[in-house]
Each structure stands twice: as C-alpha cells, then as structure tokens.
Amino acid sequence: MKKFFSVKDVSSVADVVQEALALKAAPYDNQDLGKHKTLGLVFLNPSLRTRLSTQKAAMNLGMNVMVMNMDKDGWALETQDGVVMNGSTVEHIREAAAVMGEYCDILGLRSFPKLKDREEDYSEDLFNKFIKYCGVPVVSLESATRHPLQSLTDIITITEHKKTAKPKVVLAWAPHVKALPQAVPNSFAEWMCKAQEEGLVEFTIAQPMGYELSKDFTKGATISTNLNESLKDADFVYVKNWSSYQEYGEVYTVDEDWMMDNEKLSLTNDAKVMHCLPVRRDLELSSEILDGPNSLVIKEASNRVWAAQVVLKRMLEDLV
Amino acid sequence: MKKFFSVKDVSSVADVVQEALALKAAPYDNQDLGKHKTLGLVFLNPSLRTRLSTQKAAMNLGMNVMVMNMDKDGWALETQDGVVMNGSTVEHIREAAAVMGEYCDILGLRSFPKLKDREEDYSEDLFNKFIKYCGVPVVSLESATRHPLQSLTDIITITEHKKTAKPKVVLAWAPHVKALPQAVPNSFAEWMCKAQEEGLVEFTIAQPMGYELSKDFTKGATISTNLNESLKDADFVYVKNWSSYQEYGEVYTVDEDWMMDNEKLSLTNDAKVMHCLPVRRDLELSSEILDGPNSLVIKEASNRVWAAQVVLKRMLEDLV
Amino acid sequence: MKKFFSVKDVSSVADVVQEALALKAAPYDNQDLGKHKTLGLVFLNPSLRTRLSTQKAAMNLGMNVMVMNMDKDGWALETQDGVVMNGSTVEHIREAAAVMGEYCDILGLRSFPKLKDREEDYSEDLFNKFIKYCGVPVVSLESATRHPLQSLTDIITITEHKKTAKPKVVLAWAPHVKALPQAVPNSFAEWMCKAQEEGLVEFTIAQPMGYELSKDFTKGATISTNLNESLKDADFVYVKNWSSYQEYGEVYTVDEDWMMDNEKLSLTNDAKVMHCLPVRRDLELSSEILDGPNSLVIKEASNRVWAAQVVLKRMLEDLV
C-alpha cells in the first residue's frame, strides 16, 4: 500500500477488516517489520484520537514516531506554482513535503477543509501535492473530504458487534452548533457503499433536506429525509453532524428532533449506536444513550489503533 | 497502586522512599516491566520538570510515552453532567478520559486550580472524574490541591541529605508577585505530617498571618507566624510561596523579611535549603543561598525522576 | 566533543565529513552507544528540519529523545545575575539549564537573535550561559550567530557532489522580504574558510554593498559585490539572504538582479545550487533551478541527519 486516502486504496473491505482483527489479537507480532522505520505525523489541525491511536499503532509495529504539530498560521505553506513568494507563505509544499519524506519512511497528514470554497476543498490540492512531492507512502489522518482511518475503524467495529450476516447500518445526521466538514460522513458513506457491494451491510443515509452529501460518496446507498422511517430495523446507527455540501459549509436551523435519543432508539432493532467523537452530549446524541448499553463509541475509538496498524503494516510490507 | 494523588496512596513513606533510592541505584533493572506498556501524559497546563522527569522515568522502565499538551482553551472539556453541550466545551470528560484510557496503560494528568472558587478547586472535580472515567491507573502531575510527585521527591531528598535520624524540617512561606496555588505546600505538608507520624522528621510551618493552609493538610504540624523562631535548629528549610486559602487566592502585601537569605540561614542548624522550582531569585530566595553550598534545589529536581519511577513501577506491578 | 557551536569545535573538517559519510553508509552500527542515553532538544524558536533530522540521528544511535518547544513568551528566562526577579521572567537560566542537564545526557538548544542589539546578539550570552550551567554536552540547533549543523551538512553535501578536488564555492546573497539573521551565512563562511585552509574548497562571498558579514567569520574568503563576476567557474552556489551586520538587522532595497536563476547559472561551471531551506521561490531562487537538475536542496536537507549523527556520536563517545 502506497497511499491510504479513500476506500479505493483497499481491494477488499472484508480482507482488511480481518487483517485488522488479527492484529488486535496479536498486536506485537510484527515488531521486526517496523524496526528502524520512522513514521512522521504531520498535523495542520488539532488531533486527540488520531494522534494517539496512530502513534500507538506504529509503536506496536516497532516503528519510531515523530510528531509535527504545525498549525497553518505558524507554518504557512505555499501550494501554488509560479508564485513569487514575497508574502506570508514561508515554504512551498514542494520542499516541505520532499524534506519530510527524506526523514520518514511513512508520513501521515491531517489537513481540514476551510469550508469557504467547495471546489478548492474538494480538489484535495494540498493533500495530493503532499503525496506527490514527499515521495513516501502517505496515510490520511483526515483530509478535506475524507477520514479513512475512522471509516475503517467503523467497519471493524461493526464486524465485531454484528448479530446478523448483513446488518442494517444507518448514517443519521444530527444537530450541532458549528459548521463541520463532510469528511467523516463522506468517508463513512464510501466505505459502507463498498461494504454493501461486498455483501457485508445494508446501508441507509438519513439527513434533513439540504444536507445531501456529494453523490461521489453515496452511490448505492438508500437516502432518505425521514429519520424515523430510516431507523426501522436498524442494527447500527452512526450519528454525525455535517454542514451542507450544496450551499457549501452552510448550517440551516433544524429541528432538535434529529438528536438521537432512546425514543428513536426504540424504533430500531435494538441498534448499537456509534459516533466518531468528540460528541456534543444532548445536542447530537443523548447522554442516556452514551451512558447506556447500546453505545459503542468508546470501543469504536479503541479500534482506531487496529485500523491504523493494519494500514501501517501494509505500507511497511510494501517498502522496498 | 491504582492512583497516586495524595499521601494516602502510599501505606509507608519510609518504604516508598527506600524503593525509590533502590531504583536510583539501578535505574534499568525493571525494563521488562514496562515492555509494550504506554504512559500517556496529559498537560492542561505547562510543565518542564514534571514532563521531562516523568518521561525519563517511564523510559527507564522500558515504557512508551505519549505526551498530550492541551491547554484549556484549545480543548475545552465539559465536566458537568446533564448539560446540553451547545456552548464552548467540545468534549465531555466522560469520553475524553475513557478514550485516553483505551490507548494508554497508565495516565498522568496535570490540571491547575483557577484560584477563583475555593470550593470548586478543592473538590478536585476534574481530577476525580478523569480517574473515574479513564479506567486505568492515574498519576497526578499536579492537581488543584496537591503535587504528590514533588512531595515524594522532597522526602527522598531529605532522606538522602539528613545528618540526624529525625531532622527538623521547616516549610517557610516566601514572597512572590503572582497568586500561586497551594498545591505544593499542601502536598508537602501532608507528606511531612505523615513522615512525622512515622518518626522520620519533625515538621514546622512558618507563614504570615492570613496564609494558613487548610487544616486538612497540616494535622500534626507545628504552625507559627514567626519565621525566625521557626528556623531555630532547622535542618531543612523548604521555601515556597502560596496565595491565601482563607481569602481564597488573595495576595497580601508582605514584608520582604520573609525572603530566605544567609542572615536567616544563620539562625538554623546549617540547614539545607529546598525549593520545588521555578524560583524567583532574590524575591523568594536569595542568589547567595541558591549558588551556595546549602542549596539542594538542583539535586531535588534531579530526584523527580526517582519519585516518578517508583510510582510508575508500582502501578506497572499492579496491572493485570 | 563537549560542545558543537562553531567550526572551532572540530579539529579537521575533512575528518568529520568522512565520519559522517561512514555513518550514512551504516546508520545503525552504533546503537549500543546511545543505549539508555537521553537527548533533550530545547527549541526557543520554531524548527522543522533541525528538529526532525536531529531526532532521527539520535534514534539511529539508539538514544531516547525528549523535545521541549518553549517559545520565549511562555517560558521567559532570566539571564542576568543580581536581578530581583519580580517581573516577567519566571525562571533563571542557572536553574533551568541545570535541571535539564540532570534529565538529559546531551542537550540541543535553538535560540534565534532578536536583531535589535548587535552586541547583545553577538555576545551569545544565552547560549553561553546555557552551556555553562547545564553541565552536559550541548549541540547548537542554531544560535544568534551560527547554525553549525547546517554548515557541516553543507560541506558533507559538497564533498559528495564535487567533481574536482578543490571546487569553487560561492556564497551568494539573495533578496527576501524579511530581516533574517546572519547565523546561516556566518556559519557557512567560517566552515568554508576552514575547509579552504584544509585545501578542500576555494571560497568566495558575493553580496551587495552594506551586507558584508562580520570579519570574524570570513577570514580568507574572496569577497565581492559583483555577483556575475563571482559566479564565473563556480562549482557550487550557496544562495541565502541575510540582513545587514553593519546597520544591524537592516534590510536595504535591492535589485531583483540578486535572485539566482538560470541566466546566472549559465555563468557558472554548471554549478550545483544549494540553500538551507525554507526558500522563498522566485524571490531568492528561481523555480526553474529548484525543480531542475542542478538543485541539491533536498539532498542537502537529507544530509542534516548525518551531520547531527556524527556530532552526537562524538559526544556519546566522550561521555564518561
């Protein structure tokens, strides 16, 4: 594996999940693989779960880890070519990425969207240029449009907790006070659509009018604006807020009815409830669910380690 | 050991000191104990000595270390239950602590008091909830009311440098320009009171009127507002500023006479002088003492490693 | 080696370069040397290349690394003696350095000049006091007046890429929008002058009037204000901006003619072009050069590892 950016970077969802679960059962069996190999984690935005779980995964594989926390103000990167750099950008991504590639065998990059210009964000220009110029395998730690380590974690968690061969999974939009990226739901949708193709799940998205995700991520999904209807027979409910894709970055006033609570849970097939965290309690998801037996959120966060570890393991195996 | 928060978390001060000194003599004898174990150090406030010494101690034990520097602004935690999280807090401590507990075998937490509301600070609400929800052993890296790694360091240092079986130790208040927490003196007092019970020291506190510490920490201590009188026959003088506990967080104008200098040192039994650092030179403590033969401040800071190492060792031994 | 601050800390440039190239050929041959040894990297200013490459070098040697990012605001150090510390400085360098020396076997320090007061910057007061009080070997990660790890890297890179026994090396001033320190060119100049003495290079400095470096660093160099003339027969061109030493920290308006581009390159002996990075594209150095076959900038950055590794190796060998 040379790149882990979207679901297209794995040939079989089922296979990568099984490999991750094997690592979970024997975390230290591949320590030789990472010996004298260095993982560089570059954060242009804050991180808790991703940073710790990926670092842990790398250490489980015997790798060294170097973390670079670089917010965009402190280390303004130029991404455009042919620009006279006499302004605020201090280094071109051509040099910055290439240099980091010299010090690291594998790089991870986190770069959030600005939510101002859809075309710019969805071009994934920064991310693609980073991959192009660094010259080493790159794992996405969340980009403008996707969060693939989270999505791989989610399908691992669903696999562990499913009671039927082909559970019904519902991605349910939830309210929030801030404009959040579409990265997590986009990514979850594309992984679930692929899992559905492989016969692993049945996938539905429920969101209010105006919050439809880009069709590039949702092909094959059942899409509805009726949450209660969608929740019927659900085995897993994946709760998440996102801002509008159509009116890019917009937050419409919405009914609190979209918050997931026990009343809605009663409509499901005793569904397990998931969330990528951090979660706004009693705004996105009720405390009664989070503190109750149906919540998988902590187990889900815990599985981030195995998602990262299987990706790093595959990358290490492909290093010459 | 499941928790290291106060002196109550050790059954014998004498024993833990001897075990720390044994580790100092053979720092790498327990490397197998920490193999594949991860220490997470969470700083909600800045740290120099605590961060480096605890990291060093963990590495001596063969552990991996992950450091998270999270100031309260950047990562505002909700601690109250039943709150609709539609404001500035981005994650509830229930989730944040639980997730970190999934990635780490032992956690350390630093969280200073706000010095606004005594009841809130002294409830140690944040710290207690962190312990409750993270599910793994927690070592205090300084909380609102205590700094136990510092106090354990101090009794280790006193043990190394004492010339008599039961030295006289004086905690001496000193001037400062800022309002400082009571955490260090509270903690020092409770450890010295316990050490006095065990027959290890004789303990006196000297502070101006209005700077009395909470009685919860000083039971058994001789307390005086006469510094010169207290210094008589002292073998160790522990210099430290703190703000008022009664008029919570208040700083009264005080006489510069409370600064420790050679004139006052002459009243003692050629006492060794200690301070937890950082120290304001010639405000709290004179340069002539700090640069002279009676100062233990650097040796004291150095011993922070062995205090942390004995605590981590005990926690590792108790992991199932 | 007890200190790596200037070219005076190596007896032979040729020898240290050969030792570095031997490490590059066998990076992990000295892992026992660093076992249970700790490198502390203290950054009072930001760092990308220096931080990562030095960390990597230490890990190659089997060392543990602790990084401390401390900007001057957050951790204001007092450097003057005899001052009553009742102001904004929170710790004296006497204590801060000594304490870090207790936790680390080797320390690295980065501290940029303020570019306000030449005498203060060129006294290297902070750096010298840090060395004096920490009590362990110190490697400069760039100080007010020098960046020796960069310069050692540069001579390593020149040695690898030279086509003649004694190549002509030109340090060429280039435009910039900000006032930059003289540390990199000072350091490059003193290393090149020493290399010239050893018969390894022929060294020329070209800069506009008013940008002459301090004579303390340039003894033996050919100095010119005519760039085109200087470039004739050049085998290596080292492009770098710096602010004025005479009118300290001043930036004069200069002709864009000082930017290095292909036209100027054609005056040379097909010279290799170097820059310490970060580089302002099409302001200091043209994109056509940076993206072309004559650029060494990425290979140069890559060699930072071996410069750091040879210095750390020598320091480890000298530890008692």
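The model shown is predicted, which means the values in this text are computed figures rather than measured ones.

A. Here's a closer look at the overall build of chain A. For chain A, the helix and strand inventory stands at twelve helices and twelve strands. Expressed as lengths along the three principal axes of its C-alpha atoms, the size of chain A is roughly 55 × 45 × 30 Å. For chain A, buried positions account for 66% of its 320 residues. Long-range pairs, those at least 24 residues apart, make up 80% of the contacts in chain A with a sequence separation of at least 6. Carbon together with sulfur atoms contributes 46% to the accessible area of chain A, which is approximately 11800 Å² in total.

B. Local environment of the UniProt feature "domain: Aspartate/ornithine carbamoyltransferase Asp/Orn-binding" (unreviewed entry) in chain A. The sites that UniProt annotates as "domain: Aspartate/ornithine carbamoyltransferase Asp/Orn-binding" (unreviewed entry) are residues 202-313 of chain A. For residues 202-313 of chain A, the end-to-end C-alpha separation is 29 Å, with 30% helix and 14% strand making up the annotated structure.

C. Up close: the interface of chain B and chain A. Residue-level contacts link 26 residues of chain B with 25 residues of chain A. Here chain B and chain A share an interface that buries about 2300 Å² over both sides, 59% of which is from carbon and sulfur atoms. The interface formed by chain B and chain A includes three salt bridges. For the side of chain B that touches chain A, the secondary structure elements donating two or more residues are strand E3 (64-69), strand E5 (91-92) and helix H3 (93-103) of chain B. Of the residues forming the side of chain B that touches chain A, the biggest block, seven residues, is contributed by H3 of chain B. Across the side of chain B that touches chain A, the residue classes tally to 15 nonpolar, seven polar and four charged.

D. Region of the structure containing the interface of chain C and chain A. Contacts between the two partners involve 25 residues from chain C, matched on the other side by 26 residues from chain A. Ranking the residues of chain C by area buried against chain A places Leu52, Arg280 and Arg281 of chain C at the top, with a combined share of 26%. A salt bridge links aspartate 291 of chain C to arginine 94 of chain A, with the nearest nitrogen and oxygen atoms 3.3 Å apart. The interface formed by chain C and chain A includes 13 residue pairs in polar contact (both at pLDDT 80 or more). Where the side of chain C that touches chain A is concerned, the elements lending two or more residues are helix H2 (49-60) and helix H12 (297-318) of chain C. Here the element with the most residues in the side of chain C that touches chain A is H2 of chain C; it accounts for seven residues. In the side of chain C that touches chain A, the residues fall into 13 nonpolar, four polar and eight charged.

E. A look at the sheet that holds strand E7 (residues 138-140) of chain A. All names here are of chain A. Overall, parallel pairing links the five strands, which are arranged E1-E7-E6-E2-E3 in an open sheet. Edge strands, defined here as strands with exactly one partner in the open sheet, are strand E1 (3-4) and strand E3 (64-69). Here E1 runs beside E7; their pairing, made up of two bridges, is parallel. Bridge assignment links phenylalanine 4 to a residue of E7, and that residue is valine 139.

F. Representation of helix H3 (residues 93-103) of chain A. Taken across its eleven residues, H3 of chain A has ten buried, putting it largely inside the fold. Those residues of H3 of chain A that fall on the buried side of the exposure criterion are Ile93, Arg94, Glu95, Ala96, Ala97, Ala98, Val99, Met100, Gly101 and Tyr103 of chain A.

G. Representation of the UniProt feature "binding site: N(2)-succinyl-L-ornithine" (unreviewed entry) in chain A. Taking the numbering used here, the UniProt-annotated feature "binding site: N(2)-succinyl-L-ornithine" (unreviewed entry) corresponds to Glu142, His176, Lys240 and Arg280 of chain A. With respect to the helices and strands, glutamate 142 of chain A occurs in the loop between E7 and helix H6 (148-161). Among all residues touching glutamate 142 of chain A, those that are not within four sequence positions of it are Leu109, Arg110, Ser111, Phe112, His147 and Ala183 of chain A. Engagement of the side chain of glutamate 142 of chain A in a polar contact is seen with the side chain of arginine 110 of chain A, the distance being 3.5 Å. For arginine 280 of chain A, the contacting residues outside a window of four places in its chain are His176, Val177, Lys178 and Leu285 of chain A together with Met85, Asn86, Gly87, Thr89 and Val90 of chain B.

H. Spotlight on the side chain of serine 230 of chain B. Residues and elements named next belong to chain B. Mapped onto the elements, serine 230 comes out in helix H9 (residues 227-231). A residue is classified by how much of its surface remains accessible, and serine 230, at 6% relative accessible area, is buried. Of the polar contacts made by the side chain of serine 230, one reaches the side chain of serine 224; its length is 3.3 Å.

Rules behind the numbers
- Residues numbered from 1 in each chain as written.
- Chains lettered and ligands numbered in written order.
- Predicted model: local features only at pLDDT ≥ 70, side-chain atom pairs only at ≥ 80, totals over all residues.
- Heavy atoms only, no water.
- Helix = DSSP H or I, 4+ residues; strand = E, 2+ residues; numbered from the N terminus.
- Buried < 20%, exposed > 50% of the residue type's maximum accessible area, 1.4 Å probe, protein only.
- Contact = heavy atoms within 4.5 Å.
- Areas by Shrake-Rupley, 256 points an atom, 1.4 Å probe, with all protein chains shown as cover.
- UniProt positions renumbered as here; feature names shortened; annotations may be inferred.
- Buried area = accessible area lost by both parts, 1.4 Å probe.
- Salt bridge = Lys/Arg side-chain N within 4 Å of Asp/Glu carboxyl O.
- Nonpolar A, V, L, I, M, F, W, Y, C, P; charged D, E, K, R; others polar.
- Polar contact = N/O pair within 3.5 Å; in protein donor to acceptor, adjacent residues only side chain to side chain.
- Pairing = 2+ DSSP bridges.

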